[in-house]
Amino acid sequence: MVASFVYSAVRTPFGRYGGALAEVRPDDLAATAVTAVLDKVPALDHGALDDVFWGNVNGAGEDNRNVGRMAVLLAGLPTTVPATTVNRLCGSSLDAAIMGSRAVESGDADIVLTGGVESMTRAPWVLPKPSRAFPAGHVTALSTTLGWRQTNERMPKEWTVSLGEANEQLADRFGIPRERQDEFAARSHTLANAAWESGFYEGLVTPVVVDGEAVLSRDEGIRPGSTAQKLAGLKPSFRPDGCITAGNASPLSDGASAVLIGSEAAASRIGSAPLARIAGRGVSALEPQMFGFAPVEAAERALKRARISWADVSAVELNEAFAVQSLACVDAWKIDPAIVNTQGGAIALGHPLGASGGRILGTLAARLRASGQRWGVAAICIGVGQALAVVLESAA
C-alpha cells in the first residue's frame, strides 16, 4: 500500500477578532498560505498538484463559492489545479488533510495541497428568506461567526446548548475546577510566547502582507504576562457561578494554514524529503453537547490504526477549544501533560475554525522533526459532537 507523507506546512499568524487581519478577506488569507507552503518547495511544478482539499466553516460571506478554488486562483496556480472545500466545523482543515492523505494512499493522487481558512471577524450577518412576499414585520439578522443558528426545532434542547454551556457541563461531569482551567490557560500563553522567542515558529508562520506591508507577523492573541492568578479575576462568561471565562477558552480568530502531502515517490518532484508519515487516522462522534470530550475516542482509533499505544507517543497537539475539554481529554488518555502543546495552544494562539486542524498537524510535524522523537498525535474537537485525530511518524 502507498503511504502518505507531510512534506511542508505553513500558516499565517492568527489575528484577534477585529484585529490586524480584520480588513483581509478570507480568500486572500487562504491564498497567502497556499503561496507560502509552495514557496518552501521551490522545485515543485505547481501544475503537478493533483488536487487541493481546503477547510472552511462559515462559508457565508467572502469565503463562499468554494474558497479552496478561489485560493488556488488568487495564488496564481495553474487553472488546471482543481480544489474542493471541506466543512467539518472546527476539524475542517484536519479533515482536508485526512482526505488528501487517503487520495494519495489510494493512488488517486501523488501530490495534494491541503489546508483551511477562517475570518471570524468578517463572517457576515445573514437574513432568512421570508416565507411570503412583502412581510410587514421586522427581520432579525443572525451572526455567522460561531455556534448554532437557524436551529431545527426538532433538535433536542440539550443538544443545542451554547458551546460554553456544553463545556460547563463537562466541568461538572468530570469535576475539573476553575483553578486547573486557569492554570492550563496561563501555561498556553507562557509556552506560546516562549516558542516565538526561541524561533520555533519562524519557519512555520508566514507574515500577512497587504500592499507590500506586513500587517501581521506574529500571533496577536498571546499574553506573555498571563498567570492563573490574573485569570482568576475574570468573570464567568456563561453561568453566573460558572468556571468558563474569556481567559480559559480559545478566542475568536482569523487565519489560514496549509499542509503539502504526497507519496514517498513524489519526493523527487517535490524536491525535498518528507517530514512525517501519516500513520493513523481516527474519527468519532457522541452526543452534541459532549463534543469537547470526543477527541478521546478519535485518538484511540488513530493509535489503533497506527498499531501503537500511548506509551509510544512523545508529542501531542490538542486543539484547545476550552481549557476544560482539553484537561478532560488529557486526563482520560492518562498521558503526561508535559507532552501536550509544548509550543502553546489555541487559548493563546487563537482558533480560526477552518484553519486550526492544519495548524496542529503542521506544528506536530515540526515538533517531531526538531526533537527527533518518533510518534505524535494531533487531535481536535468539533462542534455538534465530533472529533478527528491523526498519528504522525517522524520521517527523520
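Preceding block: the structure.
Residues numbered from 1 in each chain as written. Predicted model: local features only at pLDDT ≥ 70, side-chain atom pairs only at ≥ 80, totals over all residues. Heavy atoms only, no water.

Caption draft 1: Representation of the pairing of strand E3 (residues 51-55). Most of E3 is tucked away: four of the five residues are buried. Pairing geometry for E3 and strand E5 (residues 111-119), over five bridges, is parallel. Its bridge partner lying in E5, Gly55 is registered against Gly116. With three bridges connecting them, E3 and strand E4 (residues 84-86) associate as parallel partners. From the neighbouring strand, Gly55 faces E4, where its bridge partner is Val86. For the crossover that starts at E3, traverses helix H2 (residues 67-74) and ends in the parallel E4, the hand is right-handed. (Buried < 20%, exposed > 50% of the residue type's maximum accessible area, 1.4 Å probe, protein only. Helix = DSSP H or I, 4+ residues; strand = E, 2+ residues; numbered from the N terminus. Pairing = 2+ DSSP bridges. Right-handed = clockwise from strand over helix to strand, strands pointing away.)

Caption draft 2: How the structure looks around unusual backbone geometry. The phi dihedral of Asn66 falls on the positive side, at around 60 degrees, and the residue is not glycine. Here Asn66 shows up in the loop between E3 and H2.

Caption draft 3: Broad picture of the packing of helix H4 (residues 163-174) against helix H9 (residues 323-333). Taken N-terminus to C-terminus, the directions of H4 and H9 make an angle of 40 degrees; their axes are 9 Å apart at the nearest point. By the angle class used here, H4 and H9 are oblique. The two elements H4 and H9 meet at a crossing, and its hand is left-handed. Residues Asn167, Leu170, Ala171 and Phe174 of H4 touch H9, and the partners they reach there are Val324, Gln325 and Ala328. For the contact of H4 with H9, the residue count by class is five nonpolar, two polar and no charged. (Axes fitted to C-alpha atoms, helices over the stretch in contact; angles between N-to-C directions. Parallel < 35°, antiparallel > 145°, perpendicular 65-115°, else oblique. Left-handed = near helix turned anticlockwise from the far one by under 90°. Contact = heavy atoms within 4.5 Å. Nonpolar A, V, L, I, M, F, W, Y, C, P; charged D, E, K, R; others polar.)

Caption draft 4: Seen up close, the pattern of salt bridges. One pass over the full model with this rule turns up 17 salt bridges. For Glu297, the salt bridge identified is with Arg301, shortest N-O distance 2.9 Å. In this pair, Glu297 and Arg301 are both assigned in helix H8 (residues 295-306), four residues apart and thus about one turn of the helix distant. With a relative accessible area of 37%, Glu297 lands in the partly exposed category. Linked through salt bridges whose partners overlap, the residues forming this network are Arg25, Asp27, Glu62 and Arg122. (Salt bridge = Lys/Arg side-chain N within 4 Å of Asp/Glu carboxyl O.)

Caption draft 5: Representation of the nonpolar core. Judged by nonpolar contacts, the single largest core of 47 residues is most densely connected at Trp310, Val313, Val316, Leu318, Trp333, Ile335 and Val391. Of all elements in the fold, only H4, helix H5 (178-198), H8, strand E12 (313-318), H9, strand E13 (375-382) and strand E14 (386-394) reach the threshold of two or more residues within this core. Considering every element that reaches this core, the biggest residue donor is H9, with seven residues. If we skip the residues at most four places from it in the chain, Ile335 touches Trp310, Val316, Val330 and Val340. (Core = buried A, V, L, I, M, F, W, Y, C linked by side-chain atoms within 4.5 Å.)

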